[in-house]
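# Topology and contacts: notes
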Amino acid sequence: MYFPLQDIEAAKLNVDDPEHLRIHSIETFGTHDGPGIRLVIFVQGCQFRCLYCQNPDTLDVKGGTMVEIDELVKRALRQKNYFGKDGGVTVSGGEPLLQRSKLLTFFQKLHAEGINTCLDTNGRLNNDQVHRLLDETDLLLLDVKHINEEIHKKLTGLTNKATLGLAEYRESTGKRMWLRYVLVPGWTDQPQYIEEWAQTFTDYKTVDRVEIIPFHQLGEHKWKLMNMEYPLKDTPTPSEETREMAESTFKKYFDNVILK
Ligand code: SF4
């Protein structure tokens, strides 16, 4: 269930402020981004330009609404009883790492209240600040969009080097992660690259799930609303055969593969 930001204490600030997160929207009972029932906070701003982005309205780094971190903690506390033993708070996007210092504060405050934290990221940055945030992240959801750097650049506009480095860092810490792969006909459905992707991570001890997310056209209307040309407007959803190929390839390398 999504709710408008107007019903929480929102500040119309023009500049970034350490007490406020720039957010796009909130989902109160999310079940798709991490385990259990979760409060999912979609932050605003992203530096990738994925051809298949389903949320182009989250890209503008100056858009969204500034919301006080303490207000978000209060909201999580009001929902805490519903989280059960697996649930908690997920920060997704847009791209959360753009607001890494503020998210560190947010996650520290959530942990002080005994609330589980989950971060859904494209791994665009790999530096000390990000490592500190990851150390405060109970579960990392890492999108590795393509294993081939050149295709990754064409697909997202940027290199995959930081993402791969961040996966390595997470593995070195021994803390859990789920890897995510968006299956897009003509872009990410090449069997040899799916195999290479899987081989890259198969020996990781911290990957306890791989999620395959088939491409869909649900975001198309947002591109239209924003008067943007949608590059994949004629791309179909992956066929049954393609889904099975991806699933069976990943299953050769990982015990827990979820085709969403
Ligand atoms: S990383 Fe996510 S939010 Fe950013 S462009 Fe890609 S799909 Fe869109």
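Coordinates for the structure precede this section.
Everything in this summary refers to the structure shown in the same document. (Residues numbered from 1 in each chain as written. Predicted model: local features only at pLDDT ≥ 70, side-chain atom pairs only at ≥ 80, totals over all residues. Heavy atoms only, no water.)

### Brief notes about the nonpolar core
Cut-off, in case you're wondering: Only buried residues count toward a nonpolar core. Its members are Ala, Val, Leu, Ile, Met, Phe, Trp, Tyr and Cys residues joined through side-chain atoms within 4.5 Å. Burial classes: relative accessible area under 20% of the type maximum marks a residue as buried, over 50% as exposed, and values in between as partly exposed (1.4 Å probe, protein chains only). Residue contacts are counted whenever heavy atoms from the two residues lie within 4.5 Å of one another.
Phe-106, Trp-197 and Phe-250 are the most contacted members of the largest nonpolar core, which totals 50 residues. Residues contacting Phe-106, with those up to four places away along its chain left out, are Leu-21, Ile-41, Ile-69, Leu-72, Val-73, Val-89 and Val-91.

### Side note on the pairing of strand S9 (residues 177-183)
Cut-off, in case you're wondering: Numbering of helices and strands starts at the N terminus; helices are DSSP runs of H or I of at least 4 residues and strands are runs of E of at least 2. A pair of strands counts as paired when DSSP detects no fewer than two bridges linking them. Seen with its strands pointing away from the viewer, a crossover is right-handed if its path from the first strand over the helix to the second goes clockwise.
Along S9, seven of the seven residues are buried, which leaves the element largely enclosed by surrounding structure. A two-sided burial pattern is seen for S9, the buried positions comprising Met-177, Leu-179, Tyr-181 and Leu-183 on one face and Trp-178, Arg-180 and Val-182 on the other. In this sheet, S9 lies alongside strand S8 (residues 139-143) in parallel orientation, the contact comprising four bridges. Its bridge partner being in S9, Asp-143 is matched across the sheet by Arg-180. Both S9 and strand S10 (residues 207-214) contribute to a ladder of seven bridges, which runs parallel. By the bridge assignment for S10, Arg-180 is matched with Glu-211. Handedness of the crossover is the feature at issue here: the chain leaves S9, passes through helix H6 (residues 191-201), returns alongside S10, and the resulting connection is right-handed.

### Details of the site of the ligand
The test is simple: Proximity is defined per residue: any heavy atom of the residue falling within 4 Å of a molecule or strand makes that residue near it. Following the grouping adopted for this structure description, the nonpolar residues are Ala, Val, Leu, Ile, Met, Phe, Trp, Tyr, Cys and Pro, the charged ones are Asp, Glu, Lys and Arg, and the polar ones are all others, Gly among them.
In the vicinity of the ligand, the residues found are Cys-46, Phe-48, Cys-50, Cys-53, Leu-59, Gly-94, Asn-122 and Lys-145. For the shell around the ligand, the residue count by class is five nonpolar, two polar and one charged.

### Here we look at the packing of H6 against helix H8 (residues 240-253)
Helix-helix packing is characterised by the crossing angle of the two axes and by the distance between the axes. Condition: Angles here are taken between N-to-C directions and fall from 0 to 180 degrees, while the axes themselves are lines fitted to C-alpha atoms, restricted in helices to the stretch in contact. Oblique is the label for any angle not under 35 degrees, not over 145, and not in the 65 to 115 range, which are roughly parallel, roughly antiparallel and roughly perpendicular in turn. We call a crossing left-handed when the near helix sits turned anticlockwise from the far one by less than a right angle, and right-handed when that turn is clockwise.
Contact geometry for H6 and H8: axes closest at 9 Å, N-to-C directions at 30°. The angle between the axes of H6 and H8 places the two elements in the roughly parallel class. Relative to H8, the crossing made by H6 is right-handed. Across the interface between the two elements, Pro-191, Ile-194, Glu-195, Trp-197, Ala-198 and Gln-199 of H6 pack against Met-245, Ala-246, Thr-249, Phe-250, Lys-252 and Tyr-253 of H8.

### Side note on the pattern of salt bridges
Rules: Whenever a carboxyl oxygen of Asp or Glu lies within 4 Å of a side-chain nitrogen of Lys or Arg, that contact is scored as a salt bridge.
Going through the model one piece at a time under the given rule, you end up with 15 salt bridges. With a closest N to O distance of 3.4 Å, Glu-229 and Lys-233 form a salt bridge. Beyond isolated ion pairs, a larger network of salt bridges with shared partners links Asp-33, Asp-120, Arg-180, Arg-209, Glu-211 and Lys-260.

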